[in-house]
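Secondary and tertiary structure notes
Now for the letters of each chain:
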Amino acid sequence: MRKTYTFLLFFFVTLTVYARDISDVAARDTNEVINLNSHAYSNRLTDPKQTVEDATKALTLATKLNYMDGIAESYRVIGIGKYYLDQPEKAIDNYLNSLAYFGKANNLRGEAKVYNNIGVLFRDHDYDRSLVYLNKSLVIAQKIGDDKLIAASYLNIGNTYNRKNNFYQALNYYDKSYHLFSKLKDSVNLIQCLLNRGVIFYKLKDYDKALGLLLEANKGAKSRDLNESVASIDLTLASLYMAQRKFDEAEKMVQEGTAYTQLVRDPKLEYDYKYTTYELEVNRKNFENALISLREIYKIDSATYKTNVSVQMNLVEAKRKQEEQLKENERIAERQAYDRSRFWAVCTVAGLLLVVIGLLVGNVKRKAKTNAQLTMLNGEVLRQKDNLDRINHHLEEIIDERTKDLQIKNKKLSEHSSYLSHQIRGPIATLRGLINLEKEGLVNQQECIDMMDKCVSEIDEKIIEMSDMLHNPSQGGNA
């Protein structure tokens, strides 16, 4: 019995330790997914290719763990990396995957971030559609009270209004985002706000204010190795210097910005720098170099047109593939959930069977032991019954003897009582008569005393005689 309980205890302890180990491993792997995605996101402005690689590793691990939030965030970060690599069709495909998984995990904040990313993606092609997604993100962010997400939504809405040439509306949103980012001490996004506000003032031809903001943003971006931001700022500075007819400063910005653009491998920025170079050569009246740049721009524009058409077609195809992928992911998730449920069900049933077997074995042993004890008790009860029967029989004999003895004694007592009443009553009556005679003076006092003494002596003799009869029953009879 003890061995059975020891085995059961060992089994449950082992199962508990195994479950705890699995939980610890899962927690470590989950943290690794979070760290990979965080590191990938932080590289988006410096090395978007590395962003995609790290987020892809996170996606593989999260899928293995069936970690829904991790899968969704990995798809989102991959989409961001593809956006900075100027691969919009791949970016939207990953964003849609991310949106589906965040929806499945009921993660509103995740959904809001993806809406924000999609809004940014459409910002260069479809302003109205971009604002739809950005406002969706803003509504959710305000609902859950996420200041960082609210600030990001304001910033991107401002960028969209900037592209629509609605500059004062854009400045309004930039100011809102700058206030929140300052409160959050988010230096990276503060640099982006400075850049965007500098662009607005440049377009408003307030060159001095624009220059101050852009130089401050450029200094901050370089100190934090934000290569993408430095390239963007240099591009605007080059345009600003050209507007001020400072062609040498503009050329320096173009050269510096081109070097940063090559670091981040951003085709869109490379195109923008080629166009800015063309404008610079035209302003310098160096038409031969301007023509060379224009030819390169024409080639890029032709390829871009084809790419844009391809992108639109790919977006439709990506959406169709996304729907199919969602269904497949749901089937995989259901199958994995079923497999896990079946595994734990088997473990539970096995554990319960072991418990039942242990209880049955213990119950059989207890019954055998109980039966042996009952057999011993039955034998003891039978012995006690025999002893009681003998004692009862002996008691009946004793009771009969004592009953007879009591009857005899009662008879003698009755006789003694009768004898005492008869023998003693006479002398007592004589004494009473003498007392009455003496009171009336009919008898001599001395004679009365003598007769009373004789009566008392007679009573005493009768009492002694009666006492002897009681203490010595063998001498019976009455006087």
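About the criteria used
Residues numbered from 1 in each chain as written. Predicted model: local features only at pLDDT ≥ 70, side-chain atom pairs only at ≥ 80, totals over all residues. Heavy atoms only, no water. Phe/Tyr/Trp six-rings, centres within 6.5 Å; stacked < 30°, edge-to-face > 60°. Lys NZ or Arg CZ within 6 Å of the ring centre and 35° of its normal. UniProt positions renumbered as here; feature names shortened; annotations may be inferred. Helix = DSSP H or I, 4+ residues; strand = E, 2+ residues; numbered from the N terminus. Contact = heavy atoms within 4.5 Å. Salt bridge = Lys/Arg side-chain N within 4 Å of Asp/Glu carboxyl O. Buried < 20%, exposed > 50% of the residue type's maximum accessible area, 1.4 Å probe, protein only.

The chain has the name Tetratricopeptide (TPR) repeat protein in an unreviewed UniProt entry, where Mucilaginibacter pocheonensis is given as its organism.

1. Structural notes on the packing of aromatic side chains
This model, assessed by the stated rule, comprises eight aromatic pairs. Ring centres of Y83 and Y84 lie 5.2 Å apart, and the angle between their planes is 70 degrees; on these two criteria the pair is classed as edge-to-face. Ring centres of F343 and W344 lie 5.1 Å apart, and the angle between their planes is 70 degrees; this geometry places the pair in the edge-to-face category. Through a chain of ring-to-ring contacts, the aromatic side chains of Y115, F122 and Y133 assemble into a single cluster. Residue placement shows R197 over the ring face of Y178; its charged tip is 5.7 Å from the ring centre.

2. Observations regarding the UniProt feature "transmembrane region" (unreviewed entry) in the chain
Following the UniProt record, the feature "transmembrane region" (unreviewed entry) maps to residues 343–361 here. The annotated region residues 343–361 carries 100% helix and 0% strand content, and the separation between its end C-alpha atoms amounts to 27 Å.

3. A few points about the side chain of E73
Relative to the helices and strands, E73 is located in helix 3 (residues 68–84). Ignoring sequence-local partners within four residues, the contact set of E73 consists of N37, F102 and K113.

4. Section: the pattern of salt bridges
With the rule as written, the count across this model stands at 10 salt bridges. The salt bridge partner of R197 is D175, with a shortest N-O separation of 3.4 Å. On the criterion of sequence distance, the pair formed by R197 in helix 9 (residues 187–203) and D175 in helix 8 (residues 167–184) is long-range, its members being 22 residues apart. Residue R284 pairs with E251 through a salt bridge whose shortest N-O separation is 2.6 Å. In this pair, R284 is assigned in the loop between helix 13 (267–283) and helix 14 (287–440) and E251 in helix 12 (residues 247–264), connecting sequence segments 33 residues apart. Given the relative accessible area of 28%, E251 is considered partly exposed. One salt-bridge network, in which partners are shared between bridges, spans E73, R76 and K113.

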